[in-house]
Amino acid sequence: MNPEALDRTAGFLEVFPDALVITAGESSIEGGYEASERLFSDSHSVTAIAAQSDLMAVGAIRSIGAHGLSTRADISVAGFDGIDLLCWWAP
């Protein structure tokens, strides 16, 4: 995990010490998708995902949708970076 990701994880755990942390190989849409898939494969009860980047949040949202769930009704997702994500969304 890169130093920035470690800092973000440490800060998150200061606020939410009981949170489950799942790491990804890379800060990308694919990394977010794969990390989210591990949540579903282990049957965790998930109500929110805090992704370490906006691109990872897109991957998490895609994973949630692949499981027939909604980010509006079932699981909240937050990403951090403040980048324009319109080019990453499928029509």
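In this text the structure is predicted, and so the values were computed from the model without any measurement. (Residues numbered from 1 in each chain as written. Predicted model: local features only at pLDDT ≥ 70, side-chain atom pairs only at ≥ 80, totals over all residues. Heavy atoms only, no water.)

Participant: Tell me about the overall build of the chain, and please be specific about residues and values.
Facilitator: Secondary structure assignment for the chain yields 3 helices and 2 strands. Element order for the chain, N to C, with α for helix and β for strand: α-α-β-α-β. With the C-alpha coordinates aligned to their principal axes, the bounding extent of the chain is approximately 35 × 30 × 20 Å. Sorting the 91 residues of the chain into buried and exposed places 26% on the buried side. Within the chain, residue pairs in contact and separated by at least 24 positions form 68% of the contacts whose partners lie at least 6 positions apart. For the chain, the accessible area works out to roughly 5900 Å², and carbon and sulfur atoms hold 55% of it. Taking the 4 positively charged and 13 negatively charged side chains of the chain as two groups, their mean positions are separated by 6 Å. (Helix = DSSP H or I, 4+ residues; strand = E, 2+ residues; numbered from the N terminus. Buried < 20%, exposed > 50% of the residue type's maximum accessible area, 1.4 Å probe, protein only. Contact = heavy atoms within 4.5 Å. Areas by Shrake-Rupley, 256 points an atom, 1.4 Å probe, with all protein chains shown as cover. Lys, Arg positive; Asp, Glu negative; His and termini not counted. Charge placed at Lys NZ, Arg CZ, Asp CG, Glu CD.)

Participant: I'd like a description of the packing of aromatic side chains, backed by residues and values.
Facilitator: Evaluated as defined, the whole model comprises 1 aromatic pair. Aromatic pair Phe 12 and Phe 16: ring centres 4.9 Å apart, planes at 40°, arrangement tilted. Owing to a relative accessible area of 45%, Phe 16 belongs among the partly exposed residues under this scheme. (Phe/Tyr/Trp six-rings, centres within 6.5 Å; stacked < 30°, edge-to-face > 60°.)

Participant: Would you mind going over the environment of Gly 65 in detail, with residue names and values included?
Facilitator: Note on placement: Gly 65 falls in helix α3 (residues 54-66). Given the relative accessible area of 42%, Gly 65 is considered partly exposed. Taking the C-alpha atoms as reference, Gly 65 lies 14 Å from Glu 30; in sequence the two are 35 residues apart.

Participant: Can you break down the nonpolar core residue by residue, with the values?
Facilitator: Within the largest apolar cluster, 6 residues are counted, these being Leu 39, Val 46, Ile 49, Ala 60, Ile 64 and Ile 75. With residues near it in sequence (within four places) discarded, Ile 49 still touches Ser 36, Leu 39, Ala 60, Ile 64, Ile 75, Ser 76, Val 77 and Ala 78. (Core = buried A, V, L, I, M, F, W, Y, C linked by side-chain atoms within 4.5 Å.)

Participant: If you had to explain the environment of Leu 39 to someone new, which residues and values would you point to?
Facilitator: When you line up the elements, Leu 39 lands in helix α2 (residues 29-41). A relative accessible area of 12% places Leu 39 in the buried class.

Participant: Describe the side chain of Gln 52, with residues and values.
Facilitator: With respect to the secondary-structure elements, Gln 52 resides in the loop between β1 (48-50) and α3. Side-chain polar atoms of Gln 52 contact the side chain of Ser 27, separated by 3.0 Å. (Polar contact = N/O pair within 3.5 Å; in protein donor to acceptor, adjacent residues only side chain to side chain.)

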